[in-house]
Amino acid sequence: MDLEKSKNKRDFGKGFYTTTLELQSKSWAENMFIRYGGDGIYVMKFKLKDISNLNVKEFKGLDEDWLNMIKNNRLSGGIQHDYDVVIGPVPDDNTMRTVALYVEGIYDEYMALKQLKFSKSNNQVSLHTSKALIRLEFIGRDEYDKQIFI
């Protein structure tokens, strides 16, 4: 895997993004198929081995640190931190509007956090360094029916 090929201005910076939630991974795969096409809808499965000696940031919820990390990475691009791995909530259809309004400066931090207070979110695990990537073990892939999108 080549981190240089990862997309820019992502929530936690340029990196390799995964989730621990099977339904979310399928939804991401479907979205990628709709957006970019391809041979099919695939979900790659990995196991993240021992990360105890890596620099890991884990967000426990939709808080001001999480909100500011997203803002910094989306506005500046690249990687605006020094973590090997970042674990935390992913904005979804219910929270994306609030995050976007905060990033654009329309909401201040207080307003955004007030809006996010009762939101539930899925998760994302992002890897940002080669030290982190070598901890991934490929387990296999699942293929899903693409007929509903053709």
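Throughout, a residue's number is its position along its own chain's written sequence, starting from 1. Totals for whole chains, interfaces and linings use all residues, but because this is a predicted model, local features are given only for residues with pLDDT of at least 70 and pairs of side-chain atoms are given and counted only at 80 or more. As a convention, hydrogens and water are excluded, and side-chain values are obtained from all of the structure's heavy atoms.

Chemist: Would you explain the environment of Lys49 in this entry?
Modeler: Helix and strand definitions follow DSSP, with helices as H or I runs of at least four residues and strands as E runs of at least two, each counted in order from the N terminus. Mapped onto the elements of the fold, Lys49 is located in the loop between β2 (41-48) and β3 (56-58). Taking the C-alpha atoms as reference, Lys49 lies 6.2 Å from Leu136; in sequence the two are 87 residues apart. Residue contacts for Lys49: discarding those within four places in its chain leaves Arg135 and Glu137. A contact between two residues is defined here by any heavy atoms of the two lying within 4.5 Å.

Chemist: I keep staring at unusual backbone geometry and nothing clicks. Help me out?
Modeler: A negative phi holds for most residues other than glycine; trans holds for most peptide bonds. Notably, Lys9 is not glycine yet its phi reads approximately 60°, a positive angle. With respect to the helices and strands, the residue Lys9 is situated in the segment before β1 (16-18). With a 1.4 Å probe rolled over the protein chains alone, any residue whose accessible area is under 20% of its type maximum counts as buried; one over 50% counts as exposed, and the rest are partly exposed. We classify Lys9 as partly exposed; its relative accessible area is 42%.

Chemist: Mind showing me how you'd approach the packing of helix α2 (residues 64-76) against helix α3 (residues 96-103) here?
Modeler: Two numbers describe a pair of packed helices, the interaxial angle and the distance between the axes. Here an angle of 0 to 180 degrees is reported between the N-to-C directions of two axes, which are lines fitted to C-alpha atoms, with helices fitted over the stretch in contact. Following both chains from N to C, one finds α2 and α3 inclined at 65°, their axes separated by 10 Å at the closest point. The handedness of the crossing between α2 and α3 is right-handed. In this structure, α2 contributes Trp66, Leu67, Asn68, Ile70, Lys71, Arg74 and Leu75 to the contact, and α3 contributes Met96, Val99, Tyr102 and Val103. For the contact of α2 with α3, the per-class residue count stands at eight nonpolar, one polar and two charged. Take the far helix as the reference: if the near one is turned anticlockwise from it by less than a right angle, the crossing is left-handed, and if turned clockwise, right-handed. Here the nonpolar group is Ala, Val, Leu, Ile, Met, Phe, Trp, Tyr, Cys and Pro; Asp, Glu, Lys and Arg are the charged ones; every other residue, Gly included, is treated as polar.

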